[in-house]
Amino acid sequence: MSGDPTLERIARGNALALCAAGSWTARFAPMLERMVADAEKLSGTRPNIFIDVSQVSRLDTFGAWLIERLRRSLTHGGVEAEIAGLSDNYSSLVDEVRRVKAEPVVDADRVTITGMLEQIGRAVAGIGGTLIGLIDMLGAVLSATAHVIIRPRGFRLTSTIHHLEQVCWRAVPIVVLITFLIGCIISQQGIFHFRKFGADIFVVDMLGVLVLREIGVLLVAIMVAGRSGSAYTAELGSMKMREEIDALRTMGFDPIEVLILPRMLALVLALPILAFLGAMAALYGGGLVAWLYGGVEPEAFLLRLRDAISIDHFVVGMIKAPVMAAVIGIVACVEGLSVQGSAESLGQHTTSSVVKGIFFVIVMDGVFAIFFASIGM
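Worth saying up front: this structure is predicted, and the values here are computed from it rather than measured.

Student: So what about the overall build of the chain? Which residues, and what values?
Tutor: The helix and strand inventory of the chain stands at 12 helices and four strands. The C-alpha radius of gyration computed for the chain amounts to 33 Å, which surpasses the reference 21 Å derived for 377 residues by more than 25%, pointing to a less compact arrangement than a globule. Seen through its principal axes, the chain has C-alpha atoms that stretch 105 × 60 × 35 Å. Here the chain, with 377 residues, has 38% of them falling under the buried criterion. A fraction of 79% describes how many contacts in the chain between residues 6 or more apart in sequence connect residues 24 or more apart. Once the 31 positive and 35 negative side-chain charges of the chain are each reduced to a mean point, those two points are 1 Å apart.

Printed below as a string of structure tokens:
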């Protein structure tokens, strides 16, 4: 029989025979899926069930897997369903499919101590793998930087300028707008609460220190991680999926030097500039609200700001910026190069890049706070 596939049920006493015939190939996938799904409902209805495939005219891997799936589904109560009439041409194919082990069904509702320990262990191993990947990428970037310093002709200036435009120039409007609004909010809330004690003018001290030292650079770094870090991961991940990175290696180019170093340098240069512009916008917004809402004249605001802050506050913020930029770039590039060949993997690593970038930025801010406090800055 060489026509459409069929699966007939023939009762033989207490036994049941399922007679397969026709072409069991991927061409008839929908029909075969329906027939096998109906036959799987017979599990446990008879003590003995045979699958007769002697009349199967054509069989490929898809059909062999369906027959094996049917056999496994019909196996019930220690009685194993048997496949009969298998020709020599297809026996090796079915045997090969049979070696594929079915994944054990995991009861998601069952919580055990072993399962919890396993999850903790996998999480710790994942953290260790992430740290190793970041250190490895840092070493590769430093090595590529040393190579460029030794051979300046290998530096890709055009690529660096292009990424600097994307990361810095095109990010100025959104960074200035958000920091301006944050400065307005900080000033309004400070005046609202300080007014209860008749200390409206001290909002200038709070605004200056917070913006120049902590909130300004931290907020800009978080925006850059969400905007530019995710873009780096998506770009590198797309290149990885299209095997463009492997093509660069084949042509004798170092992907770290060609793709990652210009992006890292652009980010390290851009974040201090954006942090400075953001701090100025936040101070301007805070001063505007202090004038309109709190009645603090601009001249008084500037005089108090000059007395409240020192150059140390500005230096602290500018020191943090390039280090945070390097952390964001390394995380983004590691996640981009970890993308596998699917759109789902690209989306997961892009999301992971943003989350990890923001996390490490906040951690670095805490480390800097402890360090500068210990040296009296």
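On we go from here.
Student: Account for the environment of Ile309, with residues named and values stated.
Tutor: Tracing the sequence through the fold places Ile309 in the loop between α10 (298–308) and α11 (311–337). Spatially, the C-alpha atoms of Ile309 and Leu207 are 9.8 Å apart, while their sequence positions differ by 102 residues. Here Ile309 is in contact with Gly208, Val209 and Leu212, once residues within four sequence places are set aside.

Student: I'd love a proper account of the layout of surface pockets, names of residues and values included.
Tutor: Of the pockets and cavities examined, the second largest pocket occupies roughly 190 Å³. Every residue lining the second largest pocket is listed: Leu131, Leu134, Ile135, Leu138, Val327, Ile330, Val331, Phe360, Val363, Met364 and Val367. Where the lining of the second largest pocket is concerned, the elements lending two or more residues are α4 (113–150), α11 and α12 (343–374). Among the residues making up the lining of the second largest pocket, the classes are represented as 11 nonpolar, no polar and no charged.

Student: Go over the domain arrangement of the chain with me, naming the residues and quoting the values.
Tutor: Assigned domains of the chain: these are domain 1 (6–99) and domain 2 (129–375). Of note, the centres of domain 1 and domain 2, computed from C-alpha atoms alone, are 61 Å apart.

Student: Any chance you could break down the sheet that holds strand β1 (residues 6–12) for me, citing the residues and the numbers?
Tutor: Two modes of strand pairing occur in sheets, parallel and antiparallel, and in both the strands are linked by backbone hydrogen bonds. Ordered in space as β1-β2-β3-β4, the four strands form an open sheet in which the pairing is mixed. Strand pairing shows two members of the sheet lacking a second neighbour, β1 and β4 (82–84), which therefore form its edges. Taken over all neighbouring pairs, the strand axes of this sheet differ in orientation by 25° on average, direction set aside. The pairing of strand β2 (residues 15–24) with strand β3 (residues 48–59) spans nine bridges and is parallel. Directly across from Trp24, in β3, lies its bridge partner Leu59. Against the sheet, helix α1 (residues 29–40) touches β1 and β2, its axis set at about 25° to β1. Against the sheet, helix α3 (residues 88–98) engages β3 and β4, with an angle of about 125° to β3.

Student: Before we move on, could you go through the environment of Trp24 and cite the residues and values that matter?
Tutor: Within the secondary structure, Trp24 is located in strand β2. Overall, Trp24 belongs to the buried group, its relative accessible area being 1%. Taking the C-alpha atoms as reference, Trp24 lies 5.9 Å from Pro5; in sequence the two are 19 residues apart. Only 3.2 Å separates the side chain of Trp24 from the backbone oxygen of Ala21, close enough to count as a polar contact.

Student: Report on the pattern of salt bridges, specifying residues and quantitative values.
Tutor: This structure, assessed with the given rule, holds 13 salt bridges. The salt bridge partner of Asp205 is Arg304, with a shortest N-O separation of 2.8 Å. Placement of the pair is Asp205 in helix α7 (residues 203–241) and Arg304 in helix α10, with a sequence separation of 99 residues. For Arg304, a relative accessible area of 25% puts it in the partly exposed group. Between Glu244 and Arg242 there is a salt bridge, and its shortest N-O distance comes to 2.7 Å. One network of salt bridges, with partners in common, ties together Glu33, Glu40 and Arg69.

Calculation criteria
- Residues numbered from 1 in each chain as written.
- Predicted model: local features only at pLDDT ≥ 70, side-chain atom pairs only at ≥ 80, totals over all residues.
- Heavy atoms only, no water.
- Helix = DSSP H or I, 4+ residues; strand = E, 2+ residues; numbered from the N terminus.
- Rg over C-alpha atoms; globule rule 2.2 N^0.38 Å.
- Buried < 20%, exposed > 50% of the residue type's maximum accessible area, 1.4 Å probe, protein only.
- Contact = heavy atoms within 4.5 Å.
- Lys, Arg positive; Asp, Glu negative; His and termini not counted.
- Charge placed at Lys NZ, Arg CZ, Asp CG, Glu CD.
- 1 Å grid on protein atoms, 1.4 Å probe; cavity = no way out; pocket = protein on both sides within 12 Å on 5 of 7 lines; lining within 4 Å.
- Points joined across faces, edges and corners; volume = space filled by probe spheres on them.
- Nonpolar A, V, L, I, M, F, W, Y, C, P; charged D, E, K, R; others polar.
- Domains from an automatic or database assignment.
- Pairing = 2+ DSSP bridges.
- Axes fitted to C-alpha atoms, helices over the stretch in contact; angles between N-to-C directions.
- Polar contact = N/O pair within 3.5 Å; in protein donor to acceptor, adjacent residues only side chain to side chain.
- Salt bridge = Lys/Arg side-chain N within 4 Å of Asp/Glu carboxyl O.

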